[in-house]
Amino acid sequence: NLLRARLEIDTAYLPELVVIGAAFSGLITRSMHENLIADVRVGGPPGSEPVSIVCRLFPQSRNSFAVSVAVDSQANGRVWSDLVSDIPLTSEQTVNDEVTGLVFRLCQAVGEEILDPAFAKDPALQASILAFEAVRKLFCIDKKNVAEADLLLERAHEIAPRGVFLAWRAQICVIQQIERLKPDKQLNRERAEWLSRSAMAADSTNSMILAATANVNMMLERDYLGGLELAKTSVRTNRANPLGWHALSNAYLHSNDYAAGYRASVLAQSYSIGSRMKFWGDFQRSLGAAVVGRSEEALKYCTSAHALAPRFRPALRYLTLFNAMEGRMEEARRRVGYLQKLETDFTPDRLTKDKEYPVQMMHKGGLMGSDQIKRVNALVD
């Protein structure tokens, strides 16, 4: 019940690129397994795999090289390609951030391909198809889609029991708690704890499981130290997982290490570029930028997150606040109107007076001074 994929790495037989190619191959293999529950075969002649990944590392000059990646589908031919060029060839021989960013985009491209109707009846792909569809739904942060995502993951786990499916369901509990989508908070918290513990018992080396468990610890248990350690382990395990960097950014921000939280948010956003989850990375970078006083950057990425996902309420809440705090009252009131359509119980005074309303990050780093609070409260008039 695993997606089968073939990975071909061509390094032009240059010793420097062979080392980097091996590291790149390892990142791809791990990320494919974590994202799509995929069994990746490295090298060898083309076989019966539904998907093949072709990577080429080639020199551009004496001191730089380029990486090209393509996804070939048995059903549809070449369906995706990407290129990173002018990468410095240094003595460290490591995979740099630009190349790392390719890996998540690659996994997303493969996931999009297996959702093609041509693969719908392949019994070996069912668990992977259900899981990828579920993850797309849960990041909408919409009550209906989140509930459907949970059911899809439950079905995927019945077909092919994997800890990562449980971890995603634990992440759903976090979303439901923060977004007030479940009336029984205690029951939801207990469910999240059980799911995350079970996921960790199944596979404590999966960066997705580590990131989701970090979020459960931080957002439901207020265990920021434990969440920080889990998030650090997640990014050490697989630095190409933007959700690990997202969890690490949150952990640092909640631990009042704002500079580290901002740096992690930059990587979370950078690695999500070119994927459907870019809005999620943009929003995290917006929060990171806000708490270190980069107000223009915060507004820029929050605006981008809202543009990419108009019904994503977290970005809309903070966008309302950012505009009000900067004195853009007409724009802020327009955002209030959108929020009232999405949240029937929303009133502007909740932004500053309701301690349970999910804009707690605005109280970090002294962002909500008396002048800013006055501007936000003016939205009530």
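Above this note sits the structure.
Every value quoted in this text rests on a predicted model; they were computed, and no experiment measured them.

### Considerations on the packing of aromatic side chains
Here is step 1: Overall, the coordinates contain 8 aromatic pairs when judged by the stated rule.
Here is step 2: Centroid distance Trp-245 to Tyr-271: 6.5 Å. Interplanar angle 70 degrees. Geometry classified as edge-to-face. Of the two residues, Trp-245 is situated in helix α9 (residues 242-254) and Tyr-271 in helix α10 (residues 258-272); the sequence distance between them amounts to 26 residues.
Here is step 3: Overall, the relative accessible area of 0% leaves Tyr-271 in the buried class.
Here is step 4: Plain terms: the ring middles of Phe-279 and Trp-280 are 6.4 Å apart, the flat faces sit at 85 degrees to each other, and that makes the pair edge-to-face.
Here is step 5: Residue class for Phe-279 comes out buried when judged on its relative accessible area of 8%.

### Digging into the pairing of strand β1 (residues 3-10)
Here is step 1: Looking at chain direction, β1 and strand β2 (residues 38-42) are connected through 5 bridges and run parallel. By the bridge assignment for β2, Leu-7 is matched with Val-42.
Here is step 2: Across 6 bridges, the pairing between β1 and strand β3 (residues 51-59) is parallel. In the sheet register, Ala-5 faces β3, and the bridge partner there is Val-51.

### Observations regarding α9
Here is step 1: With 13 residues, α9 extends 18 Å between its outermost C-alpha atoms, agreeing within 8% with the 18 Å of an ideal straight helix rising 1.5 Å per residue.
Here is step 2: Across the 13 residues that make up α9, a large majority, 13, are buried.
Here is step 3: A side-chain oxygen of the first residue of α9 lies 3.0 Å from the backbone nitrogen of Leu-243; this N-cap is Asn-241.
Here is step 4: Note on α9: the residue one or two positions beyond its end, Asn-256, has a positive phi of about 70 degrees.

### A closer look at the sheet that holds β2
Here is step 1: As summarised here, the arrangement of the 5 strands in space is β2-β1-β3-β4-β5, forming an open sheet in which the pairing is mixed. Only two strands of the sheet have a single neighbouring strand rather than two, namely β2 and β5 (77-88). The mean inter-strand angle of the sheet, taken between neighbouring strand axes irrespective of direction, is 20 degrees.
Here is step 2: Here helix α1 (residues 15-36) sits on the sheet and contacts β1, β2, β3 and β4 (64-73); the angle it forms with β3, its principal contact strand, is near 155 degrees.
Here is step 3: Along the sheet face, helix α2 (residues 97-114) touches β1, β3, β4 and β5 and points at about 175 degrees away from the line of β5.

### Quick notes on the packing of helix α3 (residues 126-138) against helix α4 (residues 143-159)
Here is step 1: Running from N to C, α3 and α4 cross one another at 160 degrees; their axes reach a closest spacing of 8 Å. Considering the angle they form, α3 stands roughly antiparallel to α4. By crossing handedness, the relation of α3 to α4 is classed as left-handed. Seen from α3, the contacting residues are Gln-126, Ala-127, Leu-130, Ala-131, Glu-133, Ala-134, Lys-137 and Leu-138; seen from α4, they are Asn-145, Val-146, Glu-148, Ala-149, Leu-152, Leu-153, Arg-155, Ala-156 and Ile-159.
Here is step 2: In the contact of α3 with α4, the residues fall into 11 nonpolar, 2 polar and 4 charged.

So, how was this worked out
Residues numbered from 1 in each chain as written. Predicted model: local features only at pLDDT ≥ 70, side-chain atom pairs only at ≥ 80, totals over all residues. Heavy atoms only, no water. Phe/Tyr/Trp six-rings, centres within 6.5 Å; stacked < 30°, edge-to-face > 60°. Helix = DSSP H or I, 4+ residues; strand = E, 2+ residues; numbered from the N terminus. Buried < 20%, exposed > 50% of the residue type's maximum accessible area, 1.4 Å probe, protein only. Pairing = 2+ DSSP bridges. Expected span 1.5 Å × (residues − 1). Polar contact = N/O pair within 3.5 Å; in protein donor to acceptor, adjacent residues only side chain to side chain. Axes fitted to C-alpha atoms, helices over the stretch in contact; angles between N-to-C directions. Contact = heavy atoms within 4.5 Å. Parallel < 35°, antiparallel > 145°, perpendicular 65-115°, else oblique. Left-handed = near helix turned anticlockwise from the far one by under 90°. Nonpolar A, V, L, I, M, F, W, Y, C, P; charged D, E, K, R; others polar.

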